[in-house]
Structure formats: C-alpha cells, structure tokens
Amino acid sequence: MNTIGRRTWWDRHWKWFMPVLCVMAAALFAGLFVSIFVLVLGMMKNSGAYQQAVTQASREPAVIAALGQPIATSYFTTGNISTSNENGEARLIIPLHGPKGSAAIHLRASKHDGIWTYSLLAVDIDTTHQHIDLLQSQVGAPAN
C-alpha cells in the first residue's frame, strides 16, 4: 500500500497480469520460431537445386509408376543449401507423395558458374524400398 492507503494498479492486478504477460511472450517466441522456419523452407524450395530435382523426379517414369500422379512435395525438406552469387552447395532430402505412396529425393549438388551439377540425385520409394537413380538422365542445368 502506498502512504495514502490506496492500492496501486500493480497491487490490484499483478495476479492476472503476470500470466498474461508470460502467455504473450510464449506466443511471440512461437510466432518468431514459425516465421524463421517458414522463411528457411521457402528459401530451400526456391533454390534451383530443389526445383530441378523435383522436376526431374516428377518426370521419371519409374517414380510415376511407384507413386502415381500427381506427385507433390511435403513441407519438411531437410538438409542445407549455401550459395554465393553463381556458386554453392546443396544437400537435401525432399519428401514426395502421390496417390500410391511416398518417397524421398536425396540430392547432393554443387553450383559453379550458375550450373548445378549433381553427385547424387536419387529417389527412394518408401513402400517398395526401390532406389531410382536420376543421374542417368540429369546432366546439369542453369540455376534459377
């Protein structure tokens, strides 16, 4: 109590204010985490290595036969990409799914002078454990 005998705002409201403040801080932290996560995934999905790999896999007859059509990607791509101007490296695992099942693209690539060159580009089908090597028809293409 203050010297006049009246309670301050804090004295009257601290019991509800502190939990509300904690919930707001947790929500802000969660929102920040989700925003960073979405930003990083968006950057991966906009890379030339990712887009070329998905295009190559979606056109491969063996992948189409195993997964059916349409083939779509899932949200949780894992791995890393680092690029600087016309050079870079990528190591990604890209989940795919179709009406008949699911799979994952595994890629390892390097970018020199704007061209992605793959040292690994394969699709592993989950249900049949089939390994489809996509490097047989992939030579390298200009980056986006």
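### Digging into helix α2 (residues 48-59)
Relative to the 16 Å expected for 12 residues at 1.5 Å per residue, α2 spans 16 Å between its end C-alpha atoms, a close match to the ideal helical length. Among all positions in α2, only G48, A49, Y50, Q52, A53, V54, Q56 and A57 are buried.

### Some remarks on the nonpolar core
The biggest cluster of nonpolar side chains holds 25 residues, and the ones touching the most others in it are I94, I105, L107 and V123. Counting residues per element, the ones that place at least two in this core are α2, α3 (61-67), β3 (87-98), β4 (101-112) and β5 (115-125). Each residue touching L107, except ones within four places of it in the same chain, is listed here: A49, A53, A90, R91, L92, I94, Y118, L120 and L121.

### A closer look at a nonpolar patch on the surface
A cluster of nonpolar side chains, namely W9, W10, W14, W16, M18, V20, L21 and M24, defines an oily patch on the protein surface of about 820 Å² accessible area. With respect to the secondary-structure elements, W10 resides in helix α1 (residues 9-45).

### So, unusual backbone geometry
P70 follows Q69 through a cis peptide bond whose omega is 5°. The backbone of N85 shows a phi angle near 60°, a positive value even though the residue is not glycine. Within the secondary structure layout, N85 lies in the loop between β2 (78-84) and β3. Of note, H129 is a non-glycine position whose phi angle comes to about 60°, a positive value.

### Quick word on the pairing of β5
Alignment of β4 against β5, held across 10 bridges, turns out to be antiparallel. Bridge assignment links A104 to a residue of β5, and that residue is D124. Hairpin connection, β4 to β5: the antiparallel pair is bridged by 2 residues, and D113 has positive phi, about 55°. Sheet analysis places β5 next to strand β6 (residues 131-133), joined by 3 bridges and oriented antiparallel. For D124, the partnering residue across the bridge sits in β6 and is H131.

### A few points about the environment of H13
Within the secondary structure layout, H13 lies in helix α1. As for H13 and V40, which are separated by 27 residues in sequence, their C-alpha atoms are 41 Å apart.

### Thoughts on the side chain of T77
Relative to the helices and strands, T77 is located in the loop between β1 (72-73) and β2. T77 sits in the buried class, given a relative accessible area of 6%. In this view, T77 contacts L41, M44, K45, Y50, L92, I93, I94 and P95; residues no more than four positions away in its chain are not counted.

Cut-offs used in this document
Residues numbered from 1 in each chain as written. Predicted model: local features only at pLDDT ≥ 70, side-chain atom pairs only at ≥ 80, totals over all residues. Heavy atoms only, no water. Helix = DSSP H or I, 4+ residues; strand = E, 2+ residues; numbered from the N terminus. Expected span 1.5 Å × (residues − 1). Buried < 20%, exposed > 50% of the residue type's maximum accessible area, 1.4 Å probe, protein only. Core = buried A, V, L, I, M, F, W, Y, C linked by side-chain atoms within 4.5 Å. Contact = heavy atoms within 4.5 Å. Patch = residues over 30% accessible without salt bridge, like charges linked within 9 Å, V, L, I, M, F, W, Y side chains within 5 Å. Areas by Shrake-Rupley, 256 points an atom, 1.4 Å probe, with all protein chains shown as cover. Salt bridge = Lys/Arg side-chain N within 4 Å of Asp/Glu carboxyl O. Pairing = 2+ DSSP bridges.

Coordinates in, geometry out; function isn't part of it.
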